[in-house]
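So the chains spell out like this:
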Amino acid sequence: MTETRSADKTRQLPPILEAKDISASYGAYKALFGVTISLPGSPGTEGSSLALVGPNGAGKTTLLRVISGLLRPTAGSVKLKSKEITSTSAWQRARMLLVHVPEEKAIFSSLSVSENIELRVKEILPHGRAIQAIDEVYDRFPKLSERRKQVAGTLSGGEQRLLALAPLFVIKPEVVLVDELSLGLSPGVLADMYEVLKRLRSQGTSMIIVDQSEERATSFAGSAVSLEKGRIASA
Ligand code: ATP
């Protein structure tokens, strides 16, 4: 009896993130047509994950931009932990711990490693917590600590990705949107990045992952939604 009740409870967990009937355009060009996806709530301490896959131009980046607030949808709604956030700014969504790691411009190339980490942490965490949190980033990632003064644009592709992901360990987002993690990375470095994401997920962060490889993203996330020409192809 108790077992049944706890199983029911798990099934009834509301999604941590829901994008419903989303349409979006760039000027006259329609990129998304009534797309709905949801990221399930997680019953345990580990975050949930979902792969967003589909061919080039399918609308994956556009959907992430709508979810993070960088692009206003022409129709539809976005909810984070059952709270309607469709009209909330991208900046406020980041403060609500809905964090976007875009395919490009995830870091400031002309700033140093330490300036990048400080900006990201201070943008999201309250001032009192930020200083200690920045030290924690360096404790966790000694490679970045050694390179504090280096200009971020001169780091390798893998190090730049690490720089974009490392602050998330102290920000502890509810949800992270990771766009094209694989871009320009060697297989070995990419495997390391997926390990970083696994650690983040095991710490409780839920995530939506876009990757050029459907197989790799699905094997990491456990489930996938496929977009094609701005519509859901299969779920
Ligand atoms: P890719 O893997 O190539 O990035 P994607 O699935 O992420 O593909 P989007 O980048 O979301 O696809 O693009 C969806 C459609 O919207 C494409 O046809 C693209 O050309 C168009 N598009 C994207 N950004 C813009 C923009 N800023 N202005 C006009 N059209 C755009």
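Caption draft 1: Here's a closer look at the overall build of the chain. Along the backbone of the chain there are ten helices and ten strands. Taken against the 2.2 N^0.38 rule, which gives 18 Å for 235 residues, the C-alpha radius of gyration of the chain at 18 Å falls within 12% of a compact globule. Referenced to the eigenvectors of the C-alpha coordinate spread, the extents of the chain come out at roughly 55 × 50 × 35 Å. The buried share among the 235 residues of the chain stands at 45%. A separation of at least 24 residues holds for 68% of the contacts in the chain among residues at least 6 apart in sequence. Summed over its atoms, the accessible surface of the chain is roughly 11700 Å², and 51% of this surface lies on carbon and sulfur atoms. Taken together, the 30 basic and 25 acidic charged side chains of the chain have centroids lying 5 Å from each other.

Caption draft 2: Main features of the sheet that holds strand β5 (residues 83-84). One open sheet holds the four strands; their spatial order is β2-β1-β4-β5, and the pairing between them is antiparallel. Two strands close off the open sheet at either side, each with one partner strand: β2 (29-39) and β5. For strand β1 (residues 17-26) and β2, the ladder comprises seven bridges, and the chain directions are antiparallel. By the bridge assignment for β2, Ile-22 is matched with Val-35. In this fold helix α2 (residues 60-68) packs onto β1, β2 and β4 (75-80), with an angle of close to 115° to the strand it touches most, β1.

Reading the values: rules and limits
- Residues numbered from 1 in each chain as written.
- Predicted model: local features only at pLDDT ≥ 70, side-chain atom pairs only at ≥ 80, totals over all residues.
- Heavy atoms only, no water.
- Helix = DSSP H or I, 4+ residues; strand = E, 2+ residues; numbered from the N terminus.
- Rg over C-alpha atoms; globule rule 2.2 N^0.38 Å.
- Buried < 20%, exposed > 50% of the residue type's maximum accessible area, 1.4 Å probe, protein only.
- Contact = heavy atoms within 4.5 Å.
- Areas by Shrake-Rupley, 256 points an atom, 1.4 Å probe, with all protein chains shown as cover.
- Lys, Arg positive; Asp, Glu negative; His and termini not counted.
- Charge placed at Lys NZ, Arg CZ, Asp CG, Glu CD.
- Pairing = 2+ DSSP bridges.
- Axes fitted to C-alpha atoms, helices over the stretch in contact; angles between N-to-C directions.

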